[in-house]
Amino acid sequence: MNQNGPLSQKLFAAAKEVIPGGVNSPVRAFRNVGGEPFFVRSAKGSRIVDVDGKTYIDYIGSWGPNILGHAPTVVTNTIHEVAKSGISFGIPNPFEVEMARTICEWVPSVQKVRMTSSGTEATMSAIRLARGFAKRDYIVKFNGCYHGHSDSLLVAAGSGALTHGEPDSAGVPKAFAEKTIVLPYNDPAALEAVFAAQGDQIAAIIVESYPANAGLVFPKPGYLELLSSITKKYGALLIFDEVMTGFRLGKAGVQGLENLTPDLSCFGKVIGGGLPVGAFGGRADVMDMLAPLGPVYQAGTLSGNPLAMAAGLAQLKELSKVSAYPRLEQLGAHFEAGLRTIFTEKGIPHRLNRVGSMFCLFFTDREIVNVDDVMKQDLELFKKFFWGALEKGIYIAPSPYETGFLSLAHTEADLDDTLSVFEKVLAKI
Ligand SMILES: *Cc1c(COP(=O)(O)O)cnc(C)c1O
């Protein structure tokens, strides 16, 4: 399947000669839909334009960061202005302090925070910190939760309840993966069993606050509270990975919505305003274990660099307006209602999970409890839907396992245009 224009095709051919698979991150290669990616020339607001001049309404927003839409003027102006005074110093700058204060103010569980250049570094560092603090080696993660690509976290599992980690990637030594215990999500009994057996060796649980990298899955009532109480009981730390949900679902992310206090939290995406940023923070007594105060080493040449901090702050400032999150919810609800109507009318088995500006449509009528349900979708139907929508200028994720994103730049008219395209596409499926 390839409907790309000649320039995209030429660029992809050239890319494949010098970049593995032609892409710098695997999902961009369109492998899940059996095709080739297009190349972007520019993007503004809710729209992207490819190198051949075709325009698309975008429902990915750079995989999460672009909550104001593409290239919002407040952010681009800030970047231009700040760049005139220097791009990176490797010496403290005032924006770092303002960013840290803002995060601590918005997210009550965070007393101290350190910036990184990606979400991967944030989760990797939080895990090291938790192990150093607890003086224990094991961590618990959940099947289907993605926390970036560091060795300890690139571990999924078979469907057995208490599987010790098998590496999810070549190049991850089994000896590393064995320290990562992978459990099924939304399964309280599996969690209780593993803590009863070896709770005194577990440094931390890391969890995507709402798992959103294999579909969008919600915790069963009481499940997040159980994560919190069981870690307390056994002296382990609870790490919320809010790289995707943080500052997107509200000023305090999922922990704000659910009224929970994790020991550590990881952020990224929205806080960088589209520049490469991550952060991890939490209890001051834990964070103070980091070098130079404590024995846990963590560093970064570009961490806290002024451009990324200022861009992120400009974006957060827009989000601090009282209307911002309610508007995202309003757009989300409008889109959700439309999607439900057309999929139901066409009689297509589906599930739809949405919270605020995040949504995921599943081509299945199974109840979505965890990644096993997410994997059982009608992939062929999804592919037809994806290519049909793309042809008509609607860009949704090129995989049925990804969450979609709305931004403040989307309008009801964008959403309605999209819905009417979906309707036409479904009619032909
Ligand atoms: C995107 C993501 C990461 C990794 O962040 P990168 O900036 O891509 O390294 C980690 N955790 C979650 C929940 C994410 O969505």
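The structure this text deals with has already been given above.
Residues numbered from 1 in each chain as written. Predicted model: local features only at pLDDT ≥ 70, side-chain atom pairs only at ≥ 80, totals over all residues. Heavy atoms only, no water.

Novice: Quick question: what am I supposed to make of the overall build of the protein chain here?
Specialist: Within the protein chain, the regular secondary structure consists of 14 helices and 17 strands. Its C-alpha atoms give the protein chain a radius of gyration of 21 Å, within 12% of the compact-globule value 22 Å for 429 residues. By principal-axis analysis of the C-alpha atoms, the protein chain measures approximately 55 × 55 × 45 Å. Every one of the 429 residues in the protein chain was classed for burial, and the buried ones make up 56%. Long-range pairs, those at least 24 residues apart, make up 72% of the contacts in the protein chain between residues at least 6 apart in sequence. For the protein chain, the separation between the mean place of its 40 positive charges and that of its 43 negative charges on side chains is 2 Å. (Helix = DSSP H or I, 4+ residues; strand = E, 2+ residues; numbered from the N terminus. Rg over C-alpha atoms; globule rule 2.2 N^0.38 Å. Buried < 20%, exposed > 50% of the residue type's maximum accessible area, 1.4 Å probe, protein only. Contact = heavy atoms within 4.5 Å. Lys, Arg positive; Asp, Glu negative; His and termini not counted. Charge placed at Lys NZ, Arg CZ, Asp CG, Glu CD.)

Novice: Sorry if this is basic, but what is going on with the sheet that holds strand 17 (residues 404-405) here?
Specialist: Two orientations exist for strands paired in a sheet by backbone hydrogen bonds: parallel and antiparallel. Across the sheet, three strands lie side by side as 14-15-17; this open sheet has antiparallel pairing. Only two strands of the sheet have a single neighbouring strand rather than two, namely strand 14 (351-355) and strand 17. Bridge analysis of strand 15 (residues 358-362) against strand 17 gives two bridges, and the strand direction is antiparallel. Each residue of the ladder has a partner; that of Met358, found in strand 17, is Phe405. Running over the sheet, helix 11 (residues 324-345) touches strand 14 and strand 15 and is turned about 175 degrees from strand 14. (Pairing = 2+ DSSP bridges. Axes fitted to C-alpha atoms, helices over the stretch in contact; angles between N-to-C directions.)

Novice: Explain the packing of aromatic side chains to me, please; I cannot follow it from the model alone.
Specialist: The way to describe two aromatic rings as a pair is by their centre distance and the angle between their planes. For the coordinates displayed, the defined rule picks out 25 aromatic pairs. A centroid spacing of 5.9 Å and a plane angle of 80 degrees characterise the contact between Phe142 and Tyr185, whose relative ring orientation is edge-to-face. Residue Phe142 is located in strand 5 (residues 138-142), and its partner Tyr185 is located in the loop between strand 9 (180-183) and helix 6 (188-198); the two are separated by 43 residues in the primary sequence. Both residues of the pair, Phe142 and Tyr185, count as buried. (Phe/Tyr/Trp six-rings, centres within 6.5 Å; stacked < 30°, edge-to-face > 60°.)

Novice: When you look at empty space enclosed by the protein in this model, what are you seeing that I'm missing?
Specialist: Over the atoms, a rolled probe matching the size of one water molecule traces out where space is still vacant. As enumerated under the stated definition, the model contains four cavities of 30 Å³ or more in all. Each pocket or cavity is described by its volume, and for the largest cavity that value is around 200 Å³. Considering the residues around the largest cavity, the lining is formed by 17 residues, among which Phe359, Leu361, Phe382, Ile396 and Glu402 are closest to the centre. Of all the secondary structure elements, the ones that give two or more residues to the lining of the largest cavity are strand 15 and helix 13 (379-391). Ranked by residue count, the leading element in the lining of the largest cavity is strand 15, at three residues. When its residues are assigned to classes, the lining of the largest cavity shows 13 nonpolar, three polar and one charged. (1 Å grid on protein atoms, 1.4 Å probe; cavity = no way out; pocket = protein on both sides within 12 Å on 5 of 7 lines; lining within 4 Å. Points joined across faces, edges and corners; volume = space filled by probe spheres on them. Nonpolar A, V, L, I, M, F, W, Y, C, P; charged D, E, K, R; others polar.)

Novice: Would you explain the site of the ligand in this entry?
Specialist: Neighbouring residues of the ligand: Ser118, Gly119, Thr120, Tyr146, His147, Gly148, Glu208, Asn213, Asp241, Val243, Met244 and Lys269. Asp241 is positioned with one of its side-chain polar atoms (N or O) 2.7 Å from a nitrogen atom of the ligand. In the environment of the ligand, an oxygen atom lies 2.6 Å from a nitrogen or oxygen atom belonging to the side chain of Lys269. Along the lines of polarity and charge, the residues of the shell around the ligand split into three nonpolar, six polar and three charged. (Near = heavy atom within 4 Å. Polar contact = N/O pair within 3.5 Å; in protein donor to acceptor, adjacent residues only side chain to side chain.)

Novice: Is there a simple way to think about the pattern of salt bridges in this case?
Specialist: If the charged atoms of two oppositely charged side chains come close together, the side chains can form a pair. Per the stated rule, a full pass over the model turns up 14 salt bridges. Two residues, Lys174 and Glu178, come together in a salt bridge whose shortest N-O distance is 3.5 Å. The partly exposed category is assigned to Glu178, whose relative accessible area is 35%. Residue Asp285 is joined to Arg283 by a salt bridge in which the shortest nitrogen-to-oxygen separation is 2.8 Å. Overall, Asp285 belongs to the partly exposed group, its relative accessible area being 42%. Through salt bridges with shared partners, a single ionic network connects Glu329, Glu336, Arg340 and Arg354. (Salt bridge = Lys/Arg side-chain N within 4 Å of Asp/Glu carboxyl O.)

Novice: Got a minute to help me understand the environment of Tyr59 in this structure?
Specialist: By the secondary structure assignment, Tyr59 is in the loop between strand 3 (55-58) and helix 2 (73-83). Since its relative accessible area comes to 1%, Tyr59 is described here as buried. It is 7.9 Å that separates the C-alpha atoms of Tyr59 and Ile394, two residues lying 335 residues apart in sequence. Those residues in contact with Tyr59 that lie beyond four places of it in its chain are Phe335, Phe359, Ile394, Tyr395, Ile396, Gly404, Phe405, Leu406, His410, Asp414, Leu415 and Thr418.

Novice: What am I meant to see in unusual backbone geometry here?
Specialist: For residues that are not glycine, phi is negative in most cases, and the peptide bond is trans in most cases. For the bond from Ala291 to Pro292, the omega torsion is 10 degrees, close enough to zero to count as cis. Topologically, Pro292 is positioned in the loop between helix 9 (284-287) and helix 10 (306-319). Of note, Lys135 is a non-glycine position whose phi angle comes to about 55 degrees, a positive value. Relative to the helices and strands, Lys135 is located in the loop between helix 4 (119-134) and strand 5.

Novice: I'm lost on the pairing of strand 2 (residues 47-50) in this one. Help?
Specialist: Each regular strand carries side chains that alternate between the two faces of the sheet. Relative to strand 2, strand 1 (residues 40-44) runs antiparallel, the two being bridged by four bridges. Opposite Val40, over in strand 2, you have Asp50 as the bridge partner. Connecting strand 1 to the next strand, strand 2, in antiparallel fashion are two residues, including Gly45 with a positive phi near 60 degrees. Relative to strand 3, strand 2 is paired through three bridges, and the arrangement is antiparallel. Directly across from Val49, in strand 3, lies its bridge partner Thr55.

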